[in-house]
Amino acid sequence: MDEDESDLYTEQSQNYNQNSNVKHEHQETVIKQEMINLTDRDKSPSHTHGSEFSGSQVEMIKLEKEITSEKNILTDDIQGEEIKTSHQAENQHQCHICLKKFAKLSYLKKHLLIHSGEKRFQCQVCLKEFSQSSHLKTHQSVHTGEKPFDCPICLKKFSQLAALKIHQVVHTGEKTFKCQICLKGFSRFETLKEHHLVHTGEKPFKCLVCQKEFSRLTNLRVHLKLHTGEKPFKCLICQKEFNQSTKLKSHLKVHTGEKPFQCKICLKEFSHSSGLKTHLLVHTGEKPFQCQICLKEFSQSGHLKTHQTVHTGEKPYRCQICLKEFSQSSTLKTHQVVHYGEKPF
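Looking at an unreviewed UniProt entry, one finds the chain named Zinc finger protein 239, with Biomphalaria pfeifferi as its source organism. UniProt lists a comment for the chain under the heading Subcellular location (unreviewed entry), and it reads "Nucleus".

As structure tokens, then:
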């Protein structure tokens, strides 16, 4: 990511924090209450009264916070001790700003850095600042590329132990967090929170170029590449470039010939699920796309688009040798046999 794009992401986050803190806090409360309801329903009588999350859920949330933001890490560093000494609530040290209580004065001092914003430790490469030396040390792996933590199952490497622990849930298939609206399960609490935006319709991340809004910051980042023209993922076979790794992965099936999606009716195989979905319309006879001029119906939007050139007279395909124009690419390919003796592609 270049410096300009990084600044843009920072500006997006700052705008969101300034304009929707109340909305965000309300969303956190709603989701947290959902988790309380879920836990209350499932927990056994042996659980401590008032516990909001199961032990595994608390552990996962702590790990997620450890790798998401410095502010969360500051809270994380003391959370374990808070839980252990929760019975000493009346004797804890209290933050005069947010009224949060802590078992030890040292934990309170560490917590106060959240409010003061003091960041005494600076990265000498990118000049990013941190409030604790341990956070700076963790950040430096971004520049060194060091990933000392290996997954023993798939051997994937990680720069942080917390990231490795979160990744390992992929192999266990455990999904401890469940949406109380649609009951979909998630392995991470942060993913559940992002999913919740599907139901609320909230899209807090806006592109500053075209004003398009997104519910996830990752989707905004992918979208921004449309404006920058950045295509960092290249096919090593044909050198074609893509702006998303998923698009490259999909493209590679052209070279491997892999067709994992099969029609249950005629057994025809397809390399993409979208191709199978379109093909199924042949069997159902469904034609959901209709020409608004002559009312002719089509099973695919692409076929409708091609048909519309009959009414518009548009001929967007031109022969590069004789400059003759055609309304369909297939017609152009047929014509090129005149010049090449065979279809050139």
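(A) Here's a closer look at the overall build of the chain. Of the regular secondary structure elements, the chain holds 15 helices and 18 strands. Evaluated residue by residue, the chain yields a buried proportion of 28% over its 345 residues. By sequence separation, contacts in the chain at least 24 residues apart represent 22% of the contacts at least 6 residues apart. Within the structure as shown, the chain displays about 23000 Å² of accessible surface, and the carbon and sulfur contribution to it stands at 52%.

(B) Inspection of the side chain of His 279 at higher detail. Looking at the element boundaries, His 279 is found in helix H13 (residues 273-284). The residues contacting His 279, other than those within four sequence positions of it, are Cys 263, Cys 266, Lys 268 and Phe 270.

(C) Looking closely at the packing of aromatic side chains. Summed over all chains, the structure comprises 1 aromatic pair. Between Phe 177 and Phe 189, the ring centres sit 5.6 Å apart and the planes meet at 50°, which makes this aromatic pair tilted. Remark: Phe 189 occurs in helix H10 (residues 189-200) and Phe 177 occurs in strand E7 (residues 177-178); sequence separation between them is 12 residues. Both residues of the pair, Phe 177 and Phe 189, count as buried.

(D) Up close: the state of the cysteines. Counted according to the given criterion, the structure contains 0 disulfides. Free cysteine: Cys 98, not disulfide-bonded; nearest cysteine sulfur from Cys 95 at 3.7 Å. Cys 294 supplies the cysteine sulfur nearest to Cys 291, a cysteine that is in no disulfide, at a spacing of 3.7 Å. Note on Cys 291: relative accessible area 1%, which makes it buried.

(E) The arrangement of helix H15 (residues 329-340) in detail. With 12 residues, H15 should reach 16 Å at 1.5 Å per residue; the first-to-last C-alpha distance of 16 Å fits that figure. When we look at burial in H15, the residues that qualify are Leu 332, His 335 and Gln 336. One side of H15 carries all its buried residues, which in axial view fall inside an arc of 110°. The inward-facing, buried residues of H15 abut strand E17 (317-318) and strand E18 (325-326).

(F) Representation of the pattern of salt bridges within the structure. Taken as a whole and judged by the stated rule, the model has 7 salt bridges. Close ionic contact of Asp 150 with Lys 157 constitutes a salt bridge, the shortest N to O distance being 3.2 Å. The shortest N-O distance in the salt bridge between Glu 325 and Arg 318 comes to 2.7 Å. Judged by relative accessible area, Glu 325 falls into the partly exposed class, the value being 36%.

(G) Region of the structure containing unusual backbone geometry. Within the chain, Leu 183 stands out as a residue other than glycine whose phi angle is a positive 70°. Relative to the assigned elements, Leu 183 resides in the loop between E7 and strand E8 (185-186). Positioned with a positive phi, Leu 323 is a non-glycine residue whose angle comes to about 65°. When you line up the elements, Leu 323 lands in the loop between E17 and E18.

(H) Main features of helix H14 (residues 301-312). The end-to-end C-alpha distance of H14 is 17 Å, a good match for the 16 Å that 12 residues give at a rise of 1.5 Å each. Three or more residues of H14 are buried, namely Leu 304, His 307 and Thr 309. The inward-facing, buried residues of H14 abut strand E15 (289-290) and strand E16 (297-298). One or two positions beyond H14, positive phi appears at Gly 313, with a value near 80°.

Procedures and definitions
Here the residue numbering is sequential within each chain, running from 1 through the sequence in written order. Local features in a predicted model are, by the rule used here, given only for residues with pLDDT of at least 70; side-chain atom pairs are given and counted only at 80 or more, and totals for whole chains, interfaces and linings are based on all residues. Side-chain metrics rest on all non-hydrogen atoms present in the structure, leaving aside hydrogens and water. UniProt positions are given in the numbering used here, feature names are shortened, and annotations may be inferred rather than shown by experiment. Comment: elements are numbered from the N terminus, with helices defined as DSSP H or I runs of at least four residues and strands as E runs of at least two. Under the scheme applied here, a residue whose accessible area is under 20% of the maximum for its type counts as buried, over 50% as exposed, and between as partly exposed, the area being computed with a 1.4 Å probe on protein chains only. By definition in these notes, contact holds between two residues if any of their heavy atoms fall within 4.5 Å. Throughout, the Shrake-Rupley method with a 1.4 Å probe supplies accessible areas, and for residues the shown protein chains are the sole cover considered. Only Phe, Tyr and Trp rings are paired, with Trp represented by its six-membered ring, and only when their centres lie within 6.5 Å; those with planes under 30 degrees apart are stacked, over 60 edge-to-face, the remainder tilted. The disulfide criterion is simple: two cysteine sulfur atoms within 2.5 Å. By this rule the span expected of a helix is its residue count minus one, scaled by 1.5 Å. By arc we mean the arc of the directions from the helix axis to the C-beta atoms, nothing more. The salt bridge definition used is simple: a Lys or Arg side-chain nitrogen within 4 Å of an Asp or Glu carboxyl oxygen.

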